[in-house]
Amino acid sequence: MKNEPRDEGAVLAKIDEALKAARADFVEIRLEESETTRISFRGQLLDEIGALSSFGGCVRALVRGGWGFVSFDGLDDLAERVRDACNYARLVNGERVDLAPVEPVVDNVKLNLTSDPRAVSLSEKKRLLSDYNQIMIEFSPEIQTTMVAYLDSYKKKYYATSEGSRIIQESSNMGANFVAIARRQDTVQQCFATAGGITGFDSMRGLESRAEDVARRAVEMLDARPVTGGKYTVVIDPGLAGVFIHEAFGHLSESDFLYENERLKGIMTLGRRFGSDILNVFDGAAIPGHRGSYKYDDEGVAAQKTYLIKDGILVGRLHSRETAGKMGERPTGNARAINYRHRPIVRMTNTAIEGGTTSFHDMISDIKEGIYAIEAYGGQTAAEMFTFSAMEAFMIRDGKIAERVRDVVLTGNVFETLKNIECIGNDFAWKDGGVGGCGKGGQFPLPVADGGPHVRIRDVVVGGGQKNG
């Protein structure tokens, strides 16, 4: 069922009227219209297809340091919702909260798409994805099964505060995951790729060669031998570099996590050196055209580009208005909620290692024995410790890419690993698309983008069998 368009002026008038009921130090109202389409295939089976629309909102009120929060469907009794949030806030005996000051904003941000996915029929989307799925299935008898998942979403958010902000902001996101699983006797290998972004449905067309490439690589990975474990010089590709900096370092830069952890707060002291002068890391929703891009966050703060590490030195952190106020820093436009049922928390947007000057050829040319790791199946982080499984890997021998290896698991301490970065490539790339995203505080999947170039790191611990010498 599709949402009927709502008159923006009428919605804002209801918000203005409801805010007159506010009896609090601060009140914000977020309303959200959304439309979502999901399609997925598992092997030959159509696993899921459907469309969903919703309209709802939330009120957050601050009274003497205590937050009250109410979420609801529809737009009825908005003034009563404001009174509820204020009353709930009075029940909380919170510590003093000083929101970092921001200027009220009045703005209306419209979509700018090359092709709106809402204008494409569900049957056409299904046909296109079925074609991609069939390309993978028919590539080889060794393809055991496949998975294709698609999602597109449209949102229009209304944001208003007792301070005077009135923002209407539209956004759209679409993506697909392609997974091929190959089997030869007892050996099973899988490969994946993602596609999509925020620019329009055109990003979902013409992906036949990408689907075939996923199947081809899954079959080729059956020939890989298990890697021999040990310490290596490792070159990670832009995809794995982006996942590494997001998971292993980016989350440590989220200040709601930091100010509650005294030990990590001590480690993440601004001005501390984390790497050589070639290392620069940033996050920012103001970088246009990616899944983590927007003009205003869910507290009405303008998006920015924030350097976290500059010339190897820790120079920044990610903030909401509350964490910025607590830590005496400026808000960075990183307060995000996955939908109106959740309050905003500090989240990453588009996070990346900035490109350097070294070519891939020069990066590997003097490596006698090393590993080239491509993409990540994901991984685990526990404070500063990380573990990532590479999707695909090759040995580097005498300065050249050599045979395939598998079961490559990279593990280590993020701060030691950042110091061990030796070269940063001149081939920066963003990783956008897909149906997944970042998870935190029960809010998943939040659209984000990761980026980076090829990166060379010494003394990386690689899991596997025993390495001689």
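Trainee: Explain the state of the cysteines here, please?
Mentor: Formally, a disulfide is one covalent bond, and it connects the sulfur atom of one cysteine to the sulfur atom of another. Tallied over the full model, the rule gives 0 disulfides. The cysteine C438 is free of any disulfide, with C58 supplying the nearest cysteine sulfur at 19 Å. C438 gets classed as buried once you look at its relative accessible area, which sits at 3%.

Trainee: Just to check I follow, could you spell out the packing of helix α3 (residues 122-137) against helix α4 (residues 208-220) for this structure?
Mentor: When two helices pack together, their arrangement is given by the angle between their axes and by how far apart the axes lie. Packing of α3 against α4 leaves a shortest axis separation of 8 Å and a crossing angle of 35 degrees. Taken as a pair, α3 and α4 cross one another with a handedness that is right-handed. Between α3 and α4, the contacting residues are Y132, I135 and M136 on the first element and E208, A211, E212, V214 and A215 on the second. Looking at the contact of α3 with α4 residue by residue, the classes come out as 6 nonpolar, no polar and 2 charged.

Trainee: Got a minute to help me understand unusual backbone geometry in this structure?
Mentor: Peptide bonds are trans in most cases, and residues, glycine excluded, mostly fall at negative phi. The omega angle of the peptide bond from F444 to P445 is -5 degrees, so this bond is cis rather than trans. Within the secondary structure, P445 sits in strand β23 (residues 443-446). Located in the positive-phi region is D77, a residue other than glycine, with phi close to 55 degrees. Positionally, D77 belongs in the loop between β3 (66-73) and α2 (78-90). In this model, D407 sits at a positive phi of 60 degrees, which is unusual for a non-glycine residue. With respect to the element layout, D407 can be found in the loop between β18 (400-406) and β19 (409-413).

Trainee: Please clarify how helix α1 (residues 8-19) should be interpreted in this entry.
Mentor: Three or four residues apart is the spacing at which side chains of an α-helix point the same way, because the helix has 3.6 residues per turn. The end-to-end C-alpha separation of α1 is 17 Å, in line with the 16 Å expected for 12 residues at 1.5 Å each. Those residues of α1 that fall on the buried side of the exposure criterion are E8, V11, I15, A18 and L19. End-on, the buried residues of α1 take up no more than an arc of 95 degrees, which puts them together on one face. Buried residues along α1 sit against β1 (26-42), α2, β4 (106-109), β5 (143-161) and β6 (166-184). The opening residue of α1 is D7, an N-cap whose side-chain oxygen sits 3.1 Å from the backbone nitrogen of G9.

Trainee: Help me understand the pairing of β5 in this model?
Mentor: Walk down a regular strand and you will see the side chains alternate between the two sheet faces. Along β5, 15 of the 19 residues are buried, which leaves the element largely enclosed by surrounding structure. Both β1 and β5 contribute to a ladder of 15 bridges, which runs antiparallel. Each residue of the ladder has a partner; that of S34, found in β5, is K155. Pairing between β5 and β6: 17 bridges, direction antiparallel. Its bridge partner lying in β6, V148 is registered against F178. The antiparallel hairpin formed by β5 and β6 contains 4 residues in its connecting segment, where G164 sits at a positive phi of about 115 degrees.

Trainee: I tried to follow the nonpolar core on my own but got confused; where do I start?
Mentor: Nonpolar side chains tend to gather and get buried jointly when the protein is soluble and globular. Counting 46 residues, the largest nonpolar core has F249 and L418 as the members making the most contacts within it. Counting residues per element, this core draws most heavily on helix α5 (residues 238-249), which supplies 7 residues. Those residues in contact with F249, other than ones at most four positions away along the chain, are F244, M268, F274, V281, L308, I309, L314, V414 and L418. Counting 32 residues, the second-largest nonpolar core is a separate cluster that includes F41, A176, I181 and L222.

Trainee: Help me understand the sheet that holds strand β15 (residues 350-353), please; the structure alone is not making it clear to me.
Mentor: Across a sheet, paired strands are connected by hydrogen bonds in the backbone, their directions being either parallel or antiparallel. Taken together, the 6 strands give an open sheet; going across it, the order is β12-β11-β10-β15-β24-β21, and neighbouring strands pair in mixed fashion. Sheet topology places β12 (313-314) and β21 (429-431) at the edges, where each strand pairs with a single neighbour. Pairing of strand β10 (residues 281-284) with strand β11 (residues 305-310) involves 4 bridges; the strand directions are antiparallel. When the bridges of β11 are listed, V281 appears paired with I309. Its contacts with the sheet put α5 on β10, β11, β12, β15, β21 and β24 (449-452), and the angle it makes with β24 is roughly 120 degrees.

Trainee: Looking at this structure, I do not really get the environment of G197. What am I missing?
Mentor: By the secondary structure assignment, G197 is in strand β7 (residues 187-197). What makes G197 buried here is its relative accessible area of 5%. C-alpha separation for the pair G197 and V448, spaced 251 residues apart in sequence, amounts to 9.9 Å. In contact with G197, not counting residues within four places along its chain, are N173, M174, S203, R291 and G433.

Definitions and cut-offs
- Residues numbered from 1 in each chain as written.
- Predicted model: local features only at pLDDT ≥ 70, side-chain atom pairs only at ≥ 80, totals over all residues.
- Heavy atoms only, no water.
- Disulfide = S-S within 2.5 Å.
- Buried < 20%, exposed > 50% of the residue type's maximum accessible area, 1.4 Å probe, protein only.
- Axes fitted to C-alpha atoms, helices over the stretch in contact; angles between N-to-C directions.
- Helix = DSSP H or I, 4+ residues; strand = E, 2+ residues; numbered from the N terminus.
- Left-handed = near helix turned anticlockwise from the far one by under 90°.
- Contact = heavy atoms within 4.5 Å.
- Nonpolar A, V, L, I, M, F, W, Y, C, P; charged D, E, K, R; others polar.
- Expected span 1.5 Å × (residues − 1).
- Arc of directions from axis to C-beta.
- Polar contact = N/O pair within 3.5 Å; in protein donor to acceptor, adjacent residues only side chain to side chain.
- Pairing = 2+ DSSP bridges.
- Core = buried A, V, L, I, M, F, W, Y, C linked by side-chain atoms within 4.5 Å.

This is a description of form; function is not addressed.
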